Amino acid sequence: MRPFEYARAGNVSEAGQLAGRFIAGGTNLLDLMKLEVEAPEKLVDITRLPLDKIEDTEDGGLRIGALVTNSDLAADPRIRRDYEVLSRALLAGASGQLRNKATTGGNLLQRTRCGYFYEPSQPCNKREPGSGCGAIGGFNRIHAILGTSDKCIATHPSDMAVAMQALEATVETQKTDGSTREIPLIEFHRLSGDTPEIETVLEPGELITAVRLPKSQGGNQVYRKVRDRASYAFALVSVAAVVKMDGGKIEWARLAFGGLAHKPWRNHDLEAALKGEAPSSALFDKAADILLADAKGQGENDFKIPLARRTLKAVLAQATKGA
Amino acid sequence: MTTLKINGVEHELDIDARTSLLDACRDHLALTGSKKGCDHGQCGACTMLVNGRRINSCLTLAIMHEGDEITTVEGLGDPDNLHPMQAAFLEHDGFQCGYCTPGQIVSAVGMLGEVADGWPSHASADLENGATLSGDEIRERMSGNLCRCSAYPNIVDAIETASTKLKENA
Ligand SMILES: Cc1cc2nc3c(=O)[nH]c(=O)nc-3n(C[C@H](O)[C@H](O)[C@H](O)COP(=O)(O)OP(=O)(O)OC[C@H]3O[C@@H](n4cnc5c(N)ncnc54)[C@H](O)[C@@H]3O)c2cc1C
Ligand code: SF4
Ligand code: FES
Ligand code: FES
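Numbering of residues starts from 1 in every chain and runs along the sequence as written. Written order determines the labels here, with chains lettered from A and ligands numbered from 1. Confidence filtering applies because this is a predicted model: local features only for residues at pLDDT of at least 70, side-chain atom pairs given and counted only at 80 or more, and all residues used for totals across whole chains, interfaces and linings. Hydrogens and water molecules were not included; the side-chain quantities draw on all heavy atoms of the structure.

Draft legend 1. Structural detail: the packing of aromatic side chains. All names here are of chain A. Any pair of Phe, Tyr and Trp rings, taking the six-membered ring for Trp, is counted once the centres come within 6.5 Å. Such a pair is stacked with planes under 30 degrees apart, edge-to-face with planes over 60 apart, and tilted for the rest. Evaluation of the coordinates by the stated rule reveals 1 aromatic pair over all chains. Residues F117 and Y118 carry aromatic rings whose centres are separated by 6.2 Å and whose planes lie at 75° to one another, so their mutual orientation is edge-to-face. Under the relative-accessibility criterion, F117 is labelled buried at 1%. Either the NZ atom of lysine or the CZ atom of arginine qualifies as a charge over a ring when it sits within 6 Å of the ring centre and within 35 degrees of the ring normal. One cation-aromatic arrangement involves R254 over W252; the distance from NZ or CZ to the ring centre is 4.3 Å. Each residue is assigned to one of three classes by its accessible area relative to the maximum for its type, calculated with a 1.4 Å probe on protein chains only: buried under 20%, partly exposed between the two thresholds, exposed over 50%.

So this is what it looks like as structure tokens:
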């Protein structure tokens, strides 16, 4: 690990002004610093900031502080009752030890698990812009099939963010000048495009202070994660679904996908095609056709295309059961 | 100087900011019970309790833990006075080489605390009403601790026994 200067932020407005890389749970940043994939000159420890509460909002939703751990969030009675898909996604991620450290803000900003990104001797446009992409034509079993570019085919590895996408969450931030803004999660992460090293719309020094969930609209909530082992593995494909039924028809459906793209994926056309329809295998196939219309396999990950179809269909069958 | 409170004792340490909590204990305080398996959060051999919650001590900086109550396997019990979890691992032969064992034991103690607090897991059918500790629940909740010797069946038995003992003692 390269040496760095260490500072502890005493309050929220000071954090950005300390002009360093934020460290929260450290479970992703320190992992990457040990490999010198990341080498910040200064770390700003934000763990003492008062951002560890889950508060009710005026509109009946919840504001989740950026430092709320993945464990505390998954176990919160309000999340378990009204946002089951989020609790399920968190519990499907990492391990008990990691969830006790991993924070809401850090989880959103965790970096890809692409093996070339993790190995400094290999070319990687995300780690070293312009050096090429080892995964294209290389080992790419875990890589993306949607929204890729010829610069980078990495996926975003988070489970939590996929559920939050289906719940239409908003990210609250504070910039270094003290101003605040709200970013809908759907606009928060970027596709890789020509600049895979830029992963979100955050500005340098911009601190995530909270993630807001709108009032729960109920519905059947399902999170399904397909992975290489039954526990403690990243998703190959995951689907988060919130589906509201009305008299045997789908009143509305919100779906988000993990393991398929550089960001938690959502497709409004797919959701529109389900709206007002009676559930059937043919309808679910049509939904999968829409999702996968532009899907592109990279060789080793070709299996993700049929796997995404089957996972989506299974989740829709489950989420459209009952009223 | 960094002050760390480990197993109830305060230690003043002059350490590089890069030092992980694991290395601080092993290399600077001769607390070598916690093991380094992977150094990347993947194996659980380094598990410690921080303020009662289990974490991977290899993926956190020692300087970030001033003021915290840290417990290592040495703090759970000693050979003359074993913690019920340590005794249960001996009774059930919950190991072969023993390298993962301190992490397994500390993790299991942390895990039982989570169950007592009503935390659900990926294996829980019902999210809202807590969980009873079945074999499936133990296997899921302990998935962050790998055992290269694959002593898993005996580890699960040991945790079941210790869980019953601890409930009786409570
Ligand atoms: C072995 C292993 C298995 C895992 N399995 C899974 C899995 O199955 N599913 C899954 O979803 N995840 C998994 N993870 C990843 C884990 O969820 C992330 O490492 C964790 O969520 C990151 O949170 P953190 O608080 O530790 O972030 P940190 O490591 O502290 O920070 C990560 C990044 O976020 C930035 N940051 C942190 N907080 C803020 C803030 N408030 N504002 C602005 N920037 C901030 C940091 O500067 C850094 O760039 C796994 C990790 C490991 C090591
Ligand atoms: S897929 Fe992205 S992260 Fe992986 S090697 Fe290519 S550029 Fe790097
Ligand atoms: S040494 Fe910490 S998890 Fe492996
Ligand atoms: S007993 Fe050898 S690694 Fe578990």
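Next, the rest of the story.
Draft legend 2. The arrangement of the packing of helix α3 (residues 84–92) of chain B against helix α6 (residues 152–169) of chain B in detail. Residues and elements named next belong to chain B. Think of each axis as a best-fit line through the C-alpha atoms, taken over the contacting stretch in the case of a helix, with angles from 0 to 180 degrees between the N-to-C directions. Per the convention used, a helix needs a DSSP run of H or I reaching at least four residues, while a strand needs a run of E reaching at least two, with both numbered from the N terminus. In contact at an axis separation of 8 Å, α3 and α6 are set at 140° when each is read in the N-to-C sense. The pairing of α3 with α6 is recorded here as oblique in orientation. When the axes of α3 and α6 are compared, the crossing they make is right-handed. Of the residues in α6, those touching α3 at P84, M85, A88, F89, E91 and H92 are N154, I155, D157, A158, I159, T161, A162, K165, L166 and N169. Classifying every residue of the contact of α3 with α6 gives 9 nonpolar, 4 polar and 3 charged. When an angle is under 35 degrees it counts as roughly parallel; over 145 it counts as roughly antiparallel; between 65 and 115 it counts as roughly perpendicular; any other value is oblique. For any helix crossing, the convention is left-handed if the near helix is rotated counterclockwise from the far helix by under a right angle, and right-handed if that rotation is clockwise. Any two residues whose heavy atoms approach within 4.5 Å at even a single point are treated as in contact. As a working rule, the residues Ala, Val, Leu, Ile, Met, Phe, Trp, Tyr, Cys and Pro are called nonpolar, Asp, Glu, Lys and Arg charged, and the rest polar, with Gly in that last group.

Draft legend 3. Representation of the sheet that holds strand β6 (residues 170–174) of chain A within the structure. All names here are of chain A. One requirement defines pairing of two strands: DSSP has to find at least two bridges between them. Judged by pairing direction, the sheet is antiparallel, and its 5 strands sit side by side in the order β4-β5-β8-β6-β7 without closing on themselves. Across the chains shown, the open sheet's two edge strands, defined by having one partner strand only, are β4 (54–56) and β7 (180–184). The average angle at which neighbouring strand axes cross in this sheet is 25°, direction not considered. One ladder, built from 5 bridges, connects β6 with β7; its direction is antiparallel. If you follow T170 over to β7, its bridge partner there is P184.

Draft legend 4. Spotlight on the nonpolar core. All names here are of chain A. With 49 residues, the main nonpolar core has I46, L49, L73, L86, L108 and M164 as its most contacted residues. If one sorts the elements of this core by residue count, helix α8 (residues 160–166) sits on top with 6 residues. Here L73 is in contact with I54, I64, V68, I79, L86, L90, T104 and M164, once residues within four sequence places are set aside. As used in this record, nonpolar core signifies buried Ala, Val, Leu, Ile, Met, Phe, Trp, Tyr and Cys residues forming a set joined through side-chain atoms within 4.5 Å.

Draft legend 5. Main features of the site of ligand 2. Around ligand 2, a shell composed of 15 residues is seen, among which C114, C124, C133, C152 and I153 of chain A lie nearest. Split by residue class, the shell around ligand 2 holds 10 nonpolar, 3 polar and 2 charged. Throughout, the term near means that a residue has one or more heavy atoms lying within 4 Å of the molecule or strand in question.

Draft legend 6. Main features of the environment of E114 of chain B. Residue and element names in this part refer to chain B. Following the sequence through the fold, E114 ends up in helix α4 (residues 101–116). E114 gets classed as buried once you look at its relative accessible area, which sits at 5%. Linking E114 and G103, residues 11 residues apart in sequence, is a C-alpha distance of 16 Å.

Draft legend 7. Region of the structure containing α6 of chain B. Residues and elements named next belong to chain B. Every helix has an expected span of 1.5 Å times one less than the residues it contains. Compared with the 26 Å implied by 1.5 Å per residue over 18 residues, the 26 Å span of α6 between its first and last C-alpha is a close match. Among the residues of α6, I155, V156, A158, I159, A162 and S163 are the ones counted as buried. Along the long axis of α6, the arc covered by the buried residues comes to 160°, so they all point the same way. In α6, the exposed residues that point more than 90 degrees away from the buried face are P153 and E168. The arc in question is the one traced by the directions running from the helix axis out to the C-beta atoms.

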